[in-house]
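Here's the letter readout for the chains.
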Amino acid sequence: MIKVLSVASECAPLVKTGGLADVAGALPAALTAQSVEMRTLLPGYPSVVSKVGKAKAVVSFKDLFGGPARVLAATVAGLDLLILEADHLYDRTGGPYVTEEGRDHKDNDARFAALCFAAAHIAVQGAGGWTPDIVHGHDWQAGLTPEYLYEMGSTVPFVFTIHNIAFHGNTDASRMGALGLDDWRFSSDTFEFWGQVSALKAGLTGATKINTVSQTYAEELMTPHFGMGMDGVLQARKDDLSGIVNGIDTEVWNPATDPEVTNYTSPKGKAKAKAALRAEFGLPDSDGPLCVLVSRLTHQKGIDLLLDALGALTGRGGQLALLGSGDTELEVALLERAAHDPNVAVKIGYDEGLSHRMMAGGDAILVPSRFEPCGLTQLYGLRYGTVPVVALTGGLADTVITANPAAMARKVATGVQFSPITADAFANALTRTCDLFKDKATWTMLQRNGMKQPVGWETSAADYAALYRSALKG
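Residues numbered from 1 in each chain as written. Predicted model: local features only at pLDDT ≥ 70, side-chain atom pairs only at ≥ 80, totals over all residues. Heavy atoms only, no water.

Novice: Sorry if this is basic, but what is going on with the pairing of strand E5 (residues 79-85) here?
Specialist: Working note: regular strand, side chains alternate between the two faces of the sheet. Counted residue by residue, E5 has six buried out of seven residues, so it is predominantly covered. The pairing of strand E2 (residues 36-43) with E5 spans four bridges and is classified as parallel. The residue of E5 that forms the bridge with Leu-42 is Ile-83. If you look at the hairpin formed by strand E4 (residues 69-76) and E5, you'll find two residues sitting between the two strands, and Ala-77 has a positive phi there, around 55°. (Buried < 20%, exposed > 50% of the residue type's maximum accessible area, 1.4 Å probe, protein only. Helix = DSSP H or I, 4+ residues; strand = E, 2+ residues; numbered from the N terminus. Pairing = 2+ DSSP bridges.)

Below, the structure is given as structure tokens:
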């Protein structure tokens, strides 16, 4: 049995802002069959502490970056958790990373350095008699862990997963003392990045093994276009870099049992869900495909491309139902488009139940991201027989088989990919989608192929277990 301490800033179902939470929440159960015992270290946000109930203090700190703290051990939703309770760092309103006004918490560097320090302490001294064989950190919030392991004299292996390299966790070099970092370690070989402390770079340079959430994204990260300034670091670590595609919880996302939808096991069963979704969004009947999009509304997610390409869909009788929030300008533009086009409906915000109903009722799921480390919505789409229309990048490239002539001849296609990632190419993909939809036999084949795809965690969990074994050997 390999014992792993997972260090994450969010974990579903306790706290979630994106796909990192889904991975952190799903991995522990998936790894059980691989003889891996995982406990997850989380910050003690109010939303997390309120769900804990009875908990036992297993570690105490008199002064952790400005105040007392303790680590609580608890089991919630089947997850074995270690919760870093530090009111001076986490007991506040707003989200995990931002205030109620949408600005970064000013002390985010200390808030997540404390998480890393606690992880290193547990690796060295244990927590309630439990000591991990490996520490597994997720994104920059866990990136300083190997620095603290080094300073504590520990040789416990550190595996580092990049979910999104766009966020570096940079802070001013003057903060090294406050964060308990030795200034003699401040160099381009460790955590120095253009004169600043970079938590992400600390993780990349200090990790025993590095992985990201798809094979294609791992390759993309070693290029200047996708590497966000870390491509050189990753080129130097390429022998230790790999890609493991994410899975989804196939019990939560199961059209045959989903309590949010009229259940079905084949594409024919989607008809009632489609009618219900049209009614919920106030869309009229149409002969074209009902496309859905559930996303953060940002430039990265290609929402501006959608606005420019949308005419190719609605001009052929297609429709769009969109759920999301993000950049104010994009929200306004989408709402204005919906106000002038009866075949476009937009709901700003997020609703978990509605996202399930959209997957069940949609004919196609649109994912026009400029970069996408893995992506989960296309996996939900495959599971629900909702054909993915995706940009050719990252995990989207690895999980969708495009309907080109070769794939169609072999009857293995599951969706539509487009490249380059431009509005014109996306418009062509939407036109292609409308043409495929008109051929009911072909469309049903795409749906059936998607519903047969293995989108759970079984294969990925085995890959993570192999990565841990490799790190222990290394």
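The rest of the description comes next.
Novice: Looking at this structure, I do not really get the sheet that holds strand E16 (residues 364-367). What am I missing?
Specialist: As a general point, the strands of a sheet are linked pairwise by backbone hydrogen bonds and lie either parallel or antiparallel. Pairing in this open sheet of six strands is parallel, and the strands run E15-E14-E13-E16-E17-E18 from one edge to the other. Single-partner strands in this sheet number two, and they are strand E15 (344-348) and strand E18 (416-418). When strand polarity is set aside, the average angle formed by the axes of neighbouring strands in this sheet is 20°. As defined by bridge partners, E16 adjoins strand E17 (residues 387-391) across four bridges and the pair is classed as parallel. Among the inter-strand pairings, Val-367 is bridged to a residue of E17, identified as Val-390. Sitting on the sheet, helix H10 (residues 270-281) is in contact with strand E13 (290-297), strand E14 (319-326) and E15, with an inclination near 55° to E13. (Axes fitted to C-alpha atoms, helices over the stretch in contact; angles between N-to-C directions. Contact = heavy atoms within 4.5 Å.)

Novice: Would you mind going over the packing of helix H11 (residues 303-314) against helix H12 (residues 328-340) with me for this structure?
Specialist: Packed helices, taken two at a time, are described by the angle between their axes plus the distance between the axes. Two elements in contact, H11 and H12, have axes whose closest approach is 10 Å; the angle formed by their N-to-C orientations is 20°. Taken together, H11 and H12 sit at an angle that is classed as roughly parallel. In this structure, the crossing between H11 and H12 has a hand that is left-handed. Where H11 approaches H12, its residues Ile-303, Asp-304, Leu-306, Leu-307, Leu-310 and Gly-311 are matched on the opposing element by Leu-330, Ala-333, Leu-334 and Arg-337. Here the contact of H11 with H12 is composed, by residue class, of seven nonpolar, one polar and two charged. (Parallel < 35°, antiparallel > 145°, perpendicular 65-115°, else oblique. Left-handed = near helix turned anticlockwise from the far one by under 90°. Nonpolar A, V, L, I, M, F, W, Y, C, P; charged D, E, K, R; others polar.)

Novice: When you look at the side chain of Asn-164 in this model, what are you seeing that I'm missing?
Specialist: By the element assignment, Asn-164 lies in the loop between strand E7 (158-162) and strand E8 (170-172). Here Asn-164 falls in the buried class, since its relative accessible area comes to 10%. Here the side chain of Asn-164 touches Ala-166 through a polar contact of 3.0 Å, landing on its backbone nitrogen. If we ignore the near neighbours within four places in the chain, the residues touching Asn-164 are Asp-139, Tyr-217, Gln-300, Phe-371 and Pro-373. (Polar contact = N/O pair within 3.5 Å; in protein donor to acceptor, adjacent residues only side chain to side chain.)

Novice: Explain empty space enclosed by the protein here, please?
Specialist: To find leftover empty space, a probe the size of one water molecule is rolled over the atoms. On inspection of all chains with the given rule, the structure shows one cavity of 30 Å³ or more. Of the volumes computed, that of the largest cavity is approximately 60 Å³. Lining the largest cavity we find Asp-109, Phe-112, Ala-113, Cys-116, Trp-140, Gln-141, Leu-144, Gly-169, Thr-171, Leu-179, Val-197 and Ala-199. Of the residues forming the lining of the largest cavity, the biggest block, four residues, is contributed by helix H4 (residues 108-125). (1 Å grid on protein atoms, 1.4 Å probe; cavity = no way out; pocket = protein on both sides within 12 Å on 5 of 7 lines; lining within 4 Å. Points joined across faces, edges and corners; volume = space filled by probe spheres on them.)

Novice: Before we go on, may I ask you to explain the packing of aromatic side chains in this structure?
Specialist: The geometry of an aromatic ring pair is captured by the separation of the ring centres together with the interplanar angle, meaning the angle of the planes. What the rule picks out here adds up to 15 aromatic pairs. The interplanar angle of 80° and the centroid separation of 5.4 Å between the aromatic rings of Phe-112 and Trp-140 together place this pair among those described as edge-to-face. Of the two residues, Phe-112 is situated in helix H4 and Trp-140 in the loop between strand E6 (134-138) and helix H5 (145-151); the sequence distance between them amounts to 28 residues. Comparing Phe-112 with Trp-140 shows no difference in burial state: the two are buried. (Phe/Tyr/Trp six-rings, centres within 6.5 Å; stacked < 30°, edge-to-face > 60°.)

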